[in-house]
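Residue strings, one per chain:
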Amino acid sequence: MRRLTSFIKFLVPVFLTCAALAQGTPSTATATCSFDADKELTANYQRISFNLKKPVFGREIPYGKAWAPGGKPLTLFTNSPVEIGGKVLPVGAYTMFVLPTPKQWILIISKSTDLTGRYDEQQDLVRVAMESGELSTPEPEFKASFAHVAPDQCSLRLDLAKVGNWATFQRK
C-alpha cells in the first residue's frame, strides 16, 4: 500500500506537468477554399495566441523578416493550378511565410516543403503584397481563412490583432 501511495504521489505531478506543457503547444488548423466538388485549395497553419495588451508587431513578430506562425510555415495544397501575383502555381504542395512591415504584409510562397520553419529565399516562387484593413474586433489568435470573392477566386485572409491581410488566388 505504501508503494502504491508513493507511486501515485510521483505520478500526479508528472501528469500535471505534461498537461500544462501540452496547453502551451500551438494546435494546427485548416482553411479550405472549394472551387467545385473536386478542386480546392487548403492551407494548414499553427494556431497561436498573443497577449494584445502588449505590442505584437515589431516585438514578438519582427518587422522585415520572414515569419512562420508558431515556428512552422503555413502549408498550401492545391489540386488545381492557381494564379497569385501573376505566377501560376501548378498542382502541388508549398509552404508560405509572411513578411510583416509596419504598412503592409507580404505573402511569400515557397516551393520548399520543409516544415522546420527555416526560411530560404532561394526557394521563393512568388512574393505578393497583401491588401490590408483594420479589424472591427481585435483578434488575439493568428487566424487564416479563405473567402470566395468571385467565381474561381478565393482570397486567403490572415488576421491578427487589429489587422486583416488578404491576397487572392485565381483558379486556372
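Everything below is about the structure shown above.
Just so we're clear, the structure is a prediction, and the values are computed from it rather than from any experiment.

Novice: Whenever I open this one, the state of the cysteines confuses me. Can you help?
Specialist: Cysteine pairs can be covalently joined through their sulfur atoms, and such a bond is termed a disulfide. If you walk through the whole model with that rule in mind, you get one disulfide. Covalently, Cys33 is tied to Cys154 through a disulfide, its sulfur atoms 1.7 Å apart. Taking the sign of the S-S torsion, about 55° here, the bridge from Cys33 to Cys154 comes out right-handed. Here Cys33, found in strand 1 (residues 27-34), pairs with Cys154, found in strand 10 (residues 153-171); they are 121 residues apart in sequence, far enough to count as distant. Relative accessible area serves as the criterion here: at 2%, Cys33 is assigned to the buried category.

Novice: What should I look at first to understand the nonpolar core in this one?
Specialist: In globular proteins that are soluble, nonpolar side chains generally tend to be buried together. In this structure, Phe146, Leu160 and Phe169 are the most contacted members of the largest nonpolar core, which totals 37 residues. If one sorts the elements of this core by residue count, strand 10 sits on top with seven residues. Non-local contacts of Leu160, meaning those with residues more than four positions away in its chain, are made with Phe50, Val56, Phe57, Ile61, Trp67, Trp105, Leu135, Glu139, Pro140, Glu141 and Phe142.

Novice: Would you take a moment to explain the environment of Gly92 for this structure?
Specialist: Position of Gly92 relative to the elements: it lies in strand 6 (residues 92-100). A residue is classified by how much of its surface remains accessible, and Gly92, at 23% relative accessible area, is partly exposed. Residues Gly92 and Lys111, 19 residues apart in the sequence, show an inter-C-alpha distance of 9.2 Å. The contacts of Gly92, once residues within four sequence positions are left out, are Leu76, Phe77 and Thr78.

Novice: How should the sheet that holds strand 2 (residues 40-47) be read in this particular structure?
Specialist: Either a parallel or an antiparallel arrangement is found when strands of a sheet pair, and the pairing is made through backbone hydrogen bonds. Spatial strand order, 1-2-3-6-7-8: six strands in an open sheet with antiparallel pairing. The outermost strands of the open sheet, each flanked by one partner alone, are strand 1 and strand 8 (124-129). Here the strands of the sheet are splayed against their neighbours by 25° on average, with no regard to which way each runs. Relative to strand 7 (residues 105-110), strand 6 is paired through six bridges, and the arrangement is antiparallel. Looking at the pairing, Pro100 lines up with Trp105 of strand 7.

About the criteria used
Residues numbered from 1 in each chain as written. Predicted model: local features only at pLDDT ≥ 70, side-chain atom pairs only at ≥ 80, totals over all residues. Heavy atoms only, no water. Disulfide = S-S within 2.5 Å. Helix = DSSP H or I, 4+ residues; strand = E, 2+ residues; numbered from the N terminus. Buried < 20%, exposed > 50% of the residue type's maximum accessible area, 1.4 Å probe, protein only. Core = buried A, V, L, I, M, F, W, Y, C linked by side-chain atoms within 4.5 Å. Contact = heavy atoms within 4.5 Å. Pairing = 2+ DSSP bridges. Axes fitted to C-alpha atoms, helices over the stretch in contact; angles between N-to-C directions.

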